[in-house]
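Coordinate analysis (summary)
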Amino acid sequence: MKSVTLSLILLLVSACLVAFGQSSPGQSSLGQQAPTKHAVTGYVKTAAGQPLEFATVLLVKATDSTALVKGAVSNATGAYAFDNVAPGQYRVGAQQVGYAKTYSLPFAVEVGQLGVIAPALTIAEESKNLSEVKVVAKKPFIEQQVDRTVINVENSIVASGNTALEVLEKAPGITIDRQNDQIQLKGKSGVIVMIDGKQTYLSVQEVSNLLKNTPSDNIEKIEIITNPGSKYDASGNSGIINIKMKRDKNFGTNGTAIIGAGMGRFEKANASLNLNHREGKLSAFGSVNGRYGKSFQTNDLNRVVPLAGQTSYIDQSSYRVNQSQNVNVRAGVDYTLTKKSTLGAVVTGFTNRWEQPNGVNTSYIQNANREITLVPQTVNKVANNWQNLTGNVNYKYDFDGIGRELTADADYSRFNADNLNDMTTSFYNAAGQEVQSSQRFRNPMISTIDIRAAKVDYVYPTKKGKFETGAKSSLVSTDNDMQFFDVVDGREVLNAGKTNLFRYSENINAAYTNYATQLNKKTSIQAGLRLEHTNSEGNSVTLNRVVSRNYVNLFPTLHVSRQLDTNNVLNISYSRRIDRPSYQDLNPFRFYLDKYTYQEGNPYLRPQMTHSVELTHVFKGAFSTALGYSRITDIIIREVPGQNPEDSTTFVMTQNLKLQQIVNLTVSFPVTVTKWWKMQNNVSAVYNKLETDYRGGQLDVDFVTYNVYTSNTFTLGKTLSGELAGWYNSAGIYGFFTSQPQGAFSLGLQKKVLDGKGSIKLNVNDPFWMNQFRGAANYQDINFKIRARWESRVVRATFTYRFGNQNVKAARQRQSATSAEQNRAGTNN
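All chains use their own residue numbering, which begins from 1 and follows the written sequence. The model is predicted, so local features are restricted to residues of pLDDT at least 70 and side-chain atom pairs to those at 80 or more, both for listing and for counting; the totals for chains, interfaces and linings are taken over all residues. Excluding hydrogens and water, the side-chain values take into account all heavy atoms of the structure.

Structural notes on the overall build of the protein
To be explicit about the condition: By the criteria applied, helices consist of DSSP H or I runs no shorter than four residues and strands consist of E runs no shorter than two, each listed in order from the N terminus. For each residue, the accessible area found with a 1.4 Å probe, counting protein chains only, is set against the maximum for its type, and the residue is called buried under 20%, exposed over 50%, and partly exposed in between. Per-residue accessibility takes into account occlusion by the displayed protein chains alone, with areas from the Shrake-Rupley method and a 1.4 Å probe.
Check the secondary structure of the protein and you find three helices and 49 strands. With 829 residues in all, the protein has 54% of them scored as buried. A total of about 34900 Å² of accessible surface is found on the protein, and carbon and sulfur atoms cover 57% of it.

Dropping the structure here:
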């Protein structure tokens, strides 16, 4: 495998060098040019203040916009440059598909000037009014950009009324393991989930639960970034998923109201209200959304348990009906202090309740002859309550209007959880007769998580590029008090052996620097370095066990882009990243599914380190091919199975394994079948190799998996449209588990009403109930199979109404100081 790895790296580097070595005429192989007498430089930005890449930039005479002087294309930072410009009066224009052509104010190039910075150029998304019908350029559901994949959720019919997790399940390259609540991106776990640039700081399972309770109707788009730059926190083995919530983009006062209902085996409902106001120096926004849902899940687990030369079989079957209610609120304000400075504040919060009134788990214990010897039946009542409140204060200062700016954020976030697990197990024989007294225990756990963080970022454009630097500090403290009571004759008796008080504290201080520049007209480069110092302490008070860690790491990043010609762009990127264990994974308590199955934390987990390199080719801004390689050491694998033959229990625990290597290939391409039928297709293939020592043996497995996604949109009339989307994941491997293929499709219709102010969406998810998880684990004495099904077949109807002035400018998108800690907290909701 070492030779394969080396060959792959050499192939990537060679391809990059060949492409970059194709210098433009008159340039050396390093892209150097002779100094020019007059140069005009500038930046192209969107209305939201973001750099606009691959915009066509035109230098024209100030008195005649049709008199073209020179042309250029903006790079990843939005920068452009014109060399050898004669003295005179000019304007700069920019355009791109989906954006309105925009011209700058006139400016002069004087004799003797070495360089001129053109006036700021901000272009807005294109919209046209035809016979009082507003036509806006519609983005595809899946949009492939150079450094990220964008899922435009608000444009999707089949996504309406869904949850954020169900939308992600349709995303190319993403695999959702609902059995273990795992999210993988291009075959790698360790995804960091952000909401509006703020990291959620929750464990993997709890992020999954949060996404299950986030309505898709409040989501504008989802960004998938596989190799983030050094400005981002270094955490996240496989990259970042950033969920951007809807913000209206208009002036005055307006709002959006959404109401929806769904039906599978059980009922569902959702409603939300978004309000925006902008007047003078003040911009305010607020939203509230609620969701109620009832669903079911079934699990079948078949185990083979060897003990003292004998073999026992345990077949378990469970049926659980879950009910959830959640309310999310968000409010913020931006106030323009001066022409150059803005002060803002954002408050977000949620309250979630998740209940399992009577989950039933039946086990059939059999001897070597498959004769039933005992039938334990467990009734499990679960009630989880989570609340969160997060406050953010932010400041932005724009020095000169051409990109030089200073931003600062301060955040405080608090999570509170009150969870209860009440379990009663009765014991029967094969004839259904009770053969021994029932056993009951109650397991309450109170948790609090406090997160304090502050960060500052500075951007300084140079003549040929952009320099960025910044620093961040975060303080996290958690307190988990889990008590375990045996209920004997109606009295609760504390079980000290299973009770645990766990406290964890962590301080991370970080600083970064990043520089992006245009080497020549066709080649741009961005290089960065991030330093992080981590100091943590996990203290199991009950067990008198303290684990302290103190370490410093450097995280380099490199992105190089080469515009081969008008239609072809080649990019190569490298990053080193870290994944720290979630706060709950470090807690050594046990969570019981039933008497024979539990999950246990691991306070000795180490962070995992990842080196990733990716080569991407983009054709005409739409056809994308990406080849990547990742090497992960001390990989954190969740749900590592174990077995205790002496009491026939099976458990899972998060463990560090030795080495994982991943090679992935992703192809994304649109197809226009007819004027009214368009397709977006994505195909991914992943080679996964895992090497480790475990339980005194050597585990060495490799596997090839692939993922296919297709989305079809149909224009059926002026006010009627349709959508059909489907996905398929081949058989795969997740640590010690192998899984069987999964797949499903969805379809929907949308009708615009009330002169375009309202819309009605009807969709059906997984109409043939195809989506299910089937897996197995077989290693040494561990031998079991799993099958899980859930309520994936649902019919939903959603009504959306927009009111008020539809020209309110969007509030600023914030990436707060706590964007990297909340993903590791914990919210069972």
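As for the side chain of N688
Which entries qualify depends on this criterion: Definition of a polar contact: a pair of N or O atoms within 3.5 Å, with one able to donate and the other able to accept a hydrogen when the atoms are protein atoms, and with sequence-neighbouring residues admitted only if both atoms are side-chain atoms.
With respect to the secondary-structure elements, N688 resides in strand 40 (residues 677-694). For N688, a relative accessible area of 10% puts it in the buried group. Among the polar contacts made by the side chain of N688, one reaches the side chain of Q660 at a distance of 2.8 Å.

Observations regarding the packing of aromatic side chains
The condition is simple: Each pair of aromatic rings taken from Phe, Tyr and Trp, with Trp reduced to its six-membered ring, is defined by centres within 6.5 Å and is described as stacked if the planes are under 30 degrees apart, edge-to-face if over 60, and tilted in the remaining cases. Charge-over-ring placement is defined geometrically: NZ (Lys) or CZ (Arg) within 6 Å of the ring centre, and within 35 degrees of the ring normal.
Applying the stated rule across the entire model yields 19 aromatic pairs. With 6.0 Å between their ring centres and 25° between their planes, F296 and Y319 make a pair best called stacked. Taken together, the residues span a long stretch of sequence, with F296 in strand 22 (residues 282-307) and Y319 in strand 23 (residues 310-336) at a distance of 23 residues. Residue F296 is classed as buried on the basis of its relative accessible area, which comes to 5%. With a centroid separation of 5.8 Å and an interplanar angle of 55°, the aromatic rings of F619 and F623 are classed as tilted. Lying across the ring of Y313, R370 places its NZ or CZ 3.9 Å from the centre. Of note, R789 hangs over the ring of W769, and the distance from its end group to the ring centre comes to 3.8 Å.

Focus on the confidence of the model for the protein
Filter applied, for reference: On a scale of 0 to 100, pLDDT captures the predictor's confidence in every residue. Note on contacts: a residue pair is in contact if any heavy atoms of the two residues lie within 4.5 Å.
Summing up the model confidence of the protein, the mean pLDDT is 80 and the portion of residues at 70 or higher is 80%. No element of the protein has a lower mean pLDDT than helix 1 (residues 2-20), which averages 38, and none a higher one than strand 30 (residues 491-494), which averages 93. Segment residues 1-36: pLDDT under 50, and 43 contacts once partners within four positions in sequence are set aside and those in other chains are kept. A low-confidence stretch, residues 807-813 stays under pLDDT 50, and its non-local contacts, those more than four residues away or across chains, total 39 contacts.

Considerations on the pattern of salt bridges
Between side chains of opposite charge, a pair can form when the charged atoms approach closely. Here is the rule we go by: Any Lys or Arg side-chain nitrogen located within 4 Å of an Asp or Glu carboxyl oxygen qualifies as a salt bridge.
Scanning all chains against the criterion turns up 15 salt bridges. Close ionic contact of K455 with D409 constitutes a salt bridge, the shortest N to O distance being 3.9 Å. Linking K455 in strand 27 (residues 434-461) with D409 in strand 26 (residues 405-428), this pair joins segments that are 46 residues apart in sequence. Among the ionic contacts, a cluster of salt bridges with common partners joins D422, R440, R442 and E492.

Section: the nonpolar core
To keep it simple, the criterion reads: Nonpolar core, defined: a set of buried Ala, Val, Leu, Ile, Met, Phe, Trp, Tyr and Cys residues in which side-chain atoms within 4.5 Å join the residues together.
Residues V40, V44, F82, V92 and F107 are the most contacted members of the largest nonpolar core, which totals 20 residues. With three residues, strand 5 (residues 88-96) is the single largest residue contributor to this core. Once residues lying within four places of it in the same chain are set aside, the contact partners of V40 are Y80, A81, F82, V85, F107, V109, V116 and A118. Residues V193, I222, I241 and M245 belong to the second largest nonpolar core, which totals 14 residues.

Some remarks on unusual backbone geometry
Unlike most non-glycine residues, D489 shows phi in positive territory, near 50°. Tracing the backbone through its elements, the reader meets D489 in the loop between strand 29 (485-488) and strand 30. Owing to a relative accessible area of 75%, D489 belongs among the exposed residues under this scheme. Unusually for a residue other than glycine, D766 sits at a positive phi of about 50°. As for its position among the elements, D766 is in the loop between strand 46 (758-765) and strand 47 (773-779).

Let's talk about the environment of A776
On the secondary structure map, A776 appears in strand 47. Given the relative accessible area of 23%, A776 is considered partly exposed. Once the C-alpha coordinates of A776 and L301 are considered, the two residues, 475 residues apart in sequence, prove to be 9.3 Å apart. Those residues in contact with A776 that sit more than four places away from it in its chain are F736, F737, T738, F784 and K785.

Things to note about the layout of surface pockets
Stated formally: Space inside and on the surface of the protein is sampled on a 1 Å grid over the protein atoms alone, with a cavity defined as a set of points where a 1.4 Å probe fits but cannot get out and a pocket as an open set with protein on both sides within 12 Å along at least 5 of 7 lines; lining residues have an atom within 4 Å of a point. Grid points are joined across faces, edges and corners, and a volume is the space filled by probe spheres set on the points. Each residue receives one of three labels: charged for Asp, Glu, Lys and Arg, nonpolar for Ala, Val, Leu, Ile, Met, Phe, Trp, Tyr, Cys and Pro, and polar for the others, Gly being one of them.
Taken as a whole, the second largest pocket spans an internal volume of roughly 300 Å³. For the lining of the second largest pocket, the secondary-structure elements that each account for two or more residues are strand 26, strand 27, strand 29 and strand 35 (590-594). Classifying every residue of the lining of the second largest pocket gives eight nonpolar, five polar and six charged.

Here's the deal with the pairing of strand 23
The side chains of a regular strand alternate between the sheet's two faces. Worth spelling out the cut-off: Two strands are counted as paired when DSSP detects at least two bridges linking them.
Sheet topology note: the strand 23/strand 24 (residues 341-366) ladder contains 21 bridges and is antiparallel. Across the sheet, the residue bridging to Q323 is E355, located in strand 24. The turn joining strand 23 and strand 24, which pair antiparallel and follow one another in sequence, is formed by four residues.

Quick look at a nonpolar patch on the surface
Put simply, the rule reads: In this scheme, patches are assembled from residues that exceed 30% relative accessible area and form no salt bridge. Like charges are connected within 9 Å, while nonpolar side chains (Val, Leu, Ile, Met, Phe, Trp, Tyr) are connected within 5 Å.
Taken together, the side chains of L282, V333, Y335, L337, L343 and V393 present a nonpolar region at the surface, about 460 Å² in accessible area. Its place among the elements puts L282 in strand 22. Using a relative accessible area of 36% as the deciding quantity, one classes L282 as partly exposed.

Brief notes about the pairing of strand 47
The side-chain alternation of strand 47 yields one buried face, formed by F773, G775, A777 and Y779, and one unburied face, formed by R774, A776 and N778. Note: strand 44 (residues 737-739) against strand 47, two bridges, orientation antiparallel. Paired with S739 across the bridge in strand 47 is G775.

What about the environment of W727?
Note on placement: W727 falls in strand 42 (residues 720-729). Exposure remark for W727: the relative accessible area of 9% places this residue in the buried category.

Things to note about the environment of Q439
Relative to the helices and strands, Q439 resides in strand 27. According to the relative accessible area criterion, Q439 is partly exposed, its value standing at 38%. The spacing of Q439 and K595 is 156 residues in sequence and 9.2 Å in space, taken between C-alpha atoms. Apart from the residues lying within four places of it in its own chain, the contact partners of Q439 are M423, T424, T425, F427 and K595.

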